[in-house]
Amino acid sequence: MKYVRDIPFKEFVDSHHRAFDDDLAKLRRSNEDEDVPLIFTETEEILGLLIGLTHPVRILEIGTAYGYSALFFAKKLPEAHITTIERNPVMVEAARAAFSSRKEGERIDLLIGDAAEILDQFVCDLADADESEKFDFVFIDAAKSHYKEFFEAAEKICIKDALIVCDNILLKGWIVEAEGKEAKRHRTSIKYMKKFLEYLRERDDLEVSILTGADGLAIIRFINEQ
Ligand SMILES: C[S@@+](CC[C@H](N)C(=O)[O-])C[C@H]1O[C@@H](n2cnc3c(N)ncnc32)[C@H](O)[C@@H]1O
């Protein structure tokens, strides 16, 4: 397969990317220089389009890293509150510094720990909550073997019109063709991502769009009874 190992057209798409502001442009460059994981420019643009159309006010992000995407959400949506979860202490430290040095950081809650545990707590805390306390947009961008778990928790703490977006669902194309040493190292993630995508396909109460841009995105909404 032609593009199975690399992100197709990445350089071309990057060359057309317009950063939200100079601050995010600098942050993207420094994250890339330090090899910190962050959303691709194409992913940022799709997320920007989705949140620009749906205007979420309570965003949940699973996987903060250095805080780039959380800051993108906060800058793009001045009315929104962002809750983001990270377990790696090095990432936590950097994200904390990124949030505390920017005014948008005041609208970002960084929760530290394993996302599965934090989500379980949210599910308990929000069990009887009304819709105004639940999330209206969820971005899943953490451990690739746990997307099903994250998704099942997320859907319990979302409003019924929420969008849930999952990043990296193609895993560099290995989801279709897994050959070579690198794919072997990621075989657990590949196995569980495939199971997650099959699970989504079997859920007839969901509308699922699989986009093949960047590293693949799944955009999911609930089919609500009229
Ligand atoms: C791809 S990075 C997130 C990038 C970030 N969304 C951005 O675009 O700026 C994934 C992050 O998820 C974190 N992570 C992975 N599994 C996790 C888990 N179970 N609980 C909390 N954080 C997790 C990793 O430490 C890593 O920093």
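The coordinates are above.
Here is what the cut-offs are and how they apply
- Residues numbered from 1 in each chain as written.
- Predicted model: local features only at pLDDT ≥ 70, side-chain atom pairs only at ≥ 80, totals over all residues.
- Heavy atoms only, no water.
- Near = heavy atom within 4 Å.
- Polar contact = N/O pair within 3.5 Å; in protein donor to acceptor, adjacent residues only side chain to side chain.
- Areas by Shrake-Rupley, 256 points an atom, 1.4 Å probe, with all protein chains shown as cover.
- 1 Å grid on protein atoms, 1.4 Å probe; cavity = no way out; pocket = protein on both sides within 12 Å on 5 of 7 lines; lining within 4 Å.
- Sits in = over half its atoms within 2 Å of the grid points.
- Nonpolar A, V, L, I, M, F, W, Y, C, P; charged D, E, K, R; others polar.
- Pairing = 2+ DSSP bridges.
- Helix = DSSP H or I, 4+ residues; strand = E, 2+ residues; numbered from the N terminus.
- Axes fitted to C-alpha atoms, helices over the stretch in contact; angles between N-to-C directions.
- Contact = heavy atoms within 4.5 Å.
- Salt bridge = Lys/Arg side-chain N within 4 Å of Asp/Glu carboxyl O.
- Buried < 20%, exposed > 50% of the residue type's maximum accessible area, 1.4 Å probe, protein only.

S.K.: Just to check I follow, could you spell out the site of the ligand for this structure?
M.R.: Around the ligand lies a shell of 20 residues, among which I39, S69, E86, A115 and D141 are the nearest. Separating a nitrogen atom of the ligand from a backbone N or O atom of R87 is a distance of 3.3 Å. The backbone of A143 places a nitrogen or oxygen atom 3.2 Å from a nitrogen atom of the ligand. For the ligand, whose unbound accessible area comes to 610 Å², protein coverage reaches 91%. Given that more than half its atoms are within 2 Å of the pocket grid, the ligand belongs to the largest pocket. Taken together, the residues of the shell around the ligand break down into ten nonpolar, five polar and five charged.

S.K.: I keep staring at the sheet that holds strand β5 (residues 158-167) and nothing clicks. Help me out?
M.R.: Strand pairing in a sheet is mediated by backbone hydrogen bonds. Such pairs are either parallel or antiparallel. Pairing is mixed across the open sheet formed by seven strands, whose spatial order is β3-β2-β1-β4-β5-β7-β6. The open sheet has two edge strands, β3 (108-112) and β6 (206-211), and neither has a second partner. Averaged over neighbouring strand pairs, the angle between their axes works out to 15° when direction is ignored. Examined bridge by bridge, β6 and strand β7 (residues 217-222) share six bridges and lie antiparallel to one another. For L211, the partnering residue across the bridge sits in β7 and is L217. Across the sheet, helix α7 (residues 147-156) touches β1 (58-62), β4 (135-140), β5, β6 and β7, and the angle it forms with β5 is around 160°. The sheet contacts of helix α9 (residues 187-202) involve β5, β6 and β7, and relative to β6 the element is tilted by about 135°.

S.K.: What exactly am I supposed to notice about the pattern of salt bridges here?
M.R.: A full pass over the atoms with the stated rule returns 15 salt bridges. For the salt bridge of K148 with E152, the shortest nitrogen-to-oxygen distance reads 3.4 Å. Taken together, the residues span about one helical turn, with K148 and E152 both in helix α7 at a distance of four residues. Here E155 ties to R203 by a salt bridge, and the two come within 2.8 Å at their closest N and O atoms. Within this pair, whereas E155 is found in helix α7, its partner R203 is found in the loop between α9 and β6, the two being separated by 48 residues in sequence. Residue E155 is classed as partly exposed on the basis of its relative accessible area of 22%. Of the residues examined, R203 reaches a relative accessible area of 16% and is grouped as buried. Salt bridges linked by common partners bring D21, D23, K75, R102, K103 and E104 together as one network.

Honestly, that's just the spatial picture; any functional story needs more than this.
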